[in-house]
Amino acid sequence: MSYTYHAHTPFEQQVLKDISLEIKENLWVSIIGRTGSGKSTLVQHMNGLSKPTEGSVQIGQTVIASDQKKRLDKPLYDQVGMVFQYPEHQLFEESVFKDISYGPRNLEWPTELIELRVLQVMGKLGLPRDLAERSPFQLSGGQKRRVAIAGILVMNPKVIILDEPTAGLDPQGKRDILKVIRQWQEEHQSTVITITHQMEDVAEFADQVVVMEHGRVKWQMDPFTLFTTYGSELEQMGLELPQLIQFIKELNEGYDSSHRLVPTSLNQNKLYEQIATFLKGNMKIAGSLEDIEDETR
C-alpha cells in the first residue's frame, strides 16, 4: 500500500511508498526510524484512521482498500486500540472512572459490565480503586498515562498500538508502563505494536522490529539480528544502538577480528556476564560483575 497527503492537489506529498508488511498475532512489534520516516502514518492505517491511496490494509478479516467507497460496517474499536503520544493530553472527563469508561459508555455497554471492566483494568495498571472518582488532572504524570492507556485496554482490543508510550516519563515510570503492557499482552494474547526511539526498550521487549526509511519498510526482523548484524547501517540512518551493544562495538575496536567479543543475547545480565568474562580473559581489567556494570555505565 501507499499513502499520499493531499492527493491530486498541488500540495500532494507521498508519505508511504509500496509498503508490504505482515504482522502476526500475539507478537510485540516495534517500529523504528528517523522522524519523518512514516511511522505514525503507517500505524494510523492499522485501525482505520487513514485509508491508503493505493493498495489495501487487512486487519483480521476487515479489509480497507484504496478504492473502497463506503465506510466500514463496524468500527475497529474492539479490534485495534490506539494510544497516541502523550495520551494524557487527551484526558477530558471530570473523573478517572468516566474517562476510562468513555468508550464502553458510548457503545452502550451494560452499566454493571462497564463498572466491572473499568475496575479490573485499573487494578491491572496499578491504579488504586479510590482514584476512580478523582479528577484525572489531579494525578501524577505517570498515573495520567496509565488512565489514558486504561481507556484503550478497557475495550480489550486484540491489537494495541502505542506511539512513543514512554515519552516524557522518568526511567522507573518507563519500565513500569512497559512491564504492565507486557503482562497485559501475555494474559490476553494480544498483539502489541509500538513506535519508539528507545532502543533499550526494543532490545528488551520486541519480538520483531520494523525499520522505516523514507516512507518504506527497509527491514523487518528480530531485534538480535538487527542490532548485531546491521548496527553500522542503523547508525548511518541516525538511529542509536542499545547501550551495551554500542559498548561491545567500541570494545571490539581494540582487538583483531579473531579475538572480538560476539554477543549471544540482548539480555542485559547475560551481556554483562559476557563482557566481564571477555575482559578478564583478555586481562584488560579484573573485578566483579558490579565493576563491569559500573564500567559499562
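Structure: see above.
Everything numeric here is computed off the predicted structure, so don't read it as measured data. Within each chain, residue numbers correspond to sequence positions counted from 1 in written order. pLDDT decides what is reported in this predicted model: residues at 70 or higher carry local features, side-chain atom pairs at 80 or more are listed and counted, and totals for whole chains, interfaces and linings draw on all residues regardless. The side-chain quantities take in all heavy atoms of the structure and omit both hydrogens and water.

Draft legend 1. Fine view of the pairing of strand 5 (residues 62-65). Two strands pair under a simple rule: DSSP has to find at least two bridges between them. Under the scheme used here, helices are H or I runs from DSSP no shorter than 4 residues and strands are E runs no shorter than 2 residues, and both carry numbers assigned from the N terminus. In this sheet, strand 5 lies alongside strand 4 (residues 56-59) in antiparallel orientation, the contact comprising four bridges. Bridged to V57 within strand 5 is I64. Hairpin geometry of strand 4 and strand 5 is characterised by an intervening segment of two residues between the two adjacent antiparallel strands and by a positive phi of about 60° at G60.

Draft legend 2. View of the packing of helix 5 (residues 141-153) against helix 6 (residues 171-188). Throughout, an axis means a line fitted to C-alpha atoms (over the contacting stretch in the case of helices), and angles, computed between N-to-C directions, take values from 0 to 180 degrees. At a minimum axis separation of 11 Å, helix 5 and helix 6 run at an interaxial angle of 15°. Our classification of the angle between helix 5 and helix 6 gives roughly parallel. Judged by the twist between their axes, the crossing of helix 5 over helix 6 is right-handed. Contact residues: helix 5 offers R145, R146, I149 and L153, while helix 6 offers D176, I177, V180 and W184. An angle counts as roughly parallel when it lies under 35 degrees, as roughly antiparallel when it exceeds 145, as roughly perpendicular when it falls between 65 and 115, and as oblique in every other case. Left-handed is the label given to a crossing in which the near helix is rotated counterclockwise from the far helix by less than a right angle, and right-handed is the label when the rotation is clockwise. The contact criterion used throughout is that any non-hydrogen atoms of two residues lie within 4.5 Å.

Draft legend 3. A look at the environment of Q85. Inspection of the secondary structure assignment puts Q85 in the loop between strand 6 (80-83) and helix 2 (96-100). The spacing of Q85 and A167 is 82 residues in sequence and 7.2 Å in space, taken between C-alpha atoms.

Draft legend 4. Unusual backbone geometry, seen in detail. The phi torsion at H8 lies on the positive side, around 65°, for a residue other than glycine. Structurally, H8 can be placed in the loop between strand 1 (3-5) and strand 2 (13-16). Its identity is not glycine, yet N26 carries a phi of approximately 70°, on the positive side. Structurally, the position occupied by N26 is in the loop between strand 2 and strand 3 (28-32).

Draft legend 5. Region of interest: the pattern of salt bridges. Salt bridge, as applied in this entry: a Lys or Arg side-chain nitrogen positioned within 4 Å of an Asp or Glu carboxyl oxygen. Per the counting criterion, the structure on display carries nine salt bridges. Ionic pairing is found between K124 and E187, a salt bridge with its closest N-O pair at 2.8 Å. Placement of K124 in helix 4 (residues 111-124) and of E187 in helix 6 is noted, with a sequence separation of 63 residues between them. When a residue's accessible area, from a 1.4 Å probe over protein chains only, is under 20% of the maximum for its type it is buried; when over 50% it is exposed; and in between it is partly exposed. Relative accessible area serves as the criterion here: at 37%, K124 is assigned to the partly exposed category. A salt bridge links E213 to K218; the shortest N-O distance between them is 3.5 Å. For E213, a relative accessible area of 26% translates into the label partly exposed. By relative accessible area, which is 38% here, K218 ends up partly exposed.

Draft legend 6. Main features of the packing of aromatic side chains. Aromatic rings from Phe, Tyr and Trp, with only the six-membered ring used for Trp, were paired whenever their centres fell within 6.5 Å, and each pair was classed as stacked if the ring planes differed by under 30 degrees, edge-to-face if by over 60, and tilted otherwise. Within this structure, the stated rule accounts for five aromatic pairs. Taking the centre distance of 5.3 Å and the plane angle of 25° together, the rings of W28 and F205 count as stacked. You can see W28 sitting in strand 3 and its partner F205 sitting in helix 7 (residues 199-205), a full 177 residues away along the chain. When sorted by exposure, W28 lands in the same class as F205, which is buried. Note on criteria: charge over ring means Lys NZ or Arg CZ within 6 Å of the ring centre, with the direction from the centre no more than 35 degrees off the ring normal. Over the face of the ring belonging to W219 we find K218, whose NZ or CZ atom lies 5.0 Å from the ring centre.

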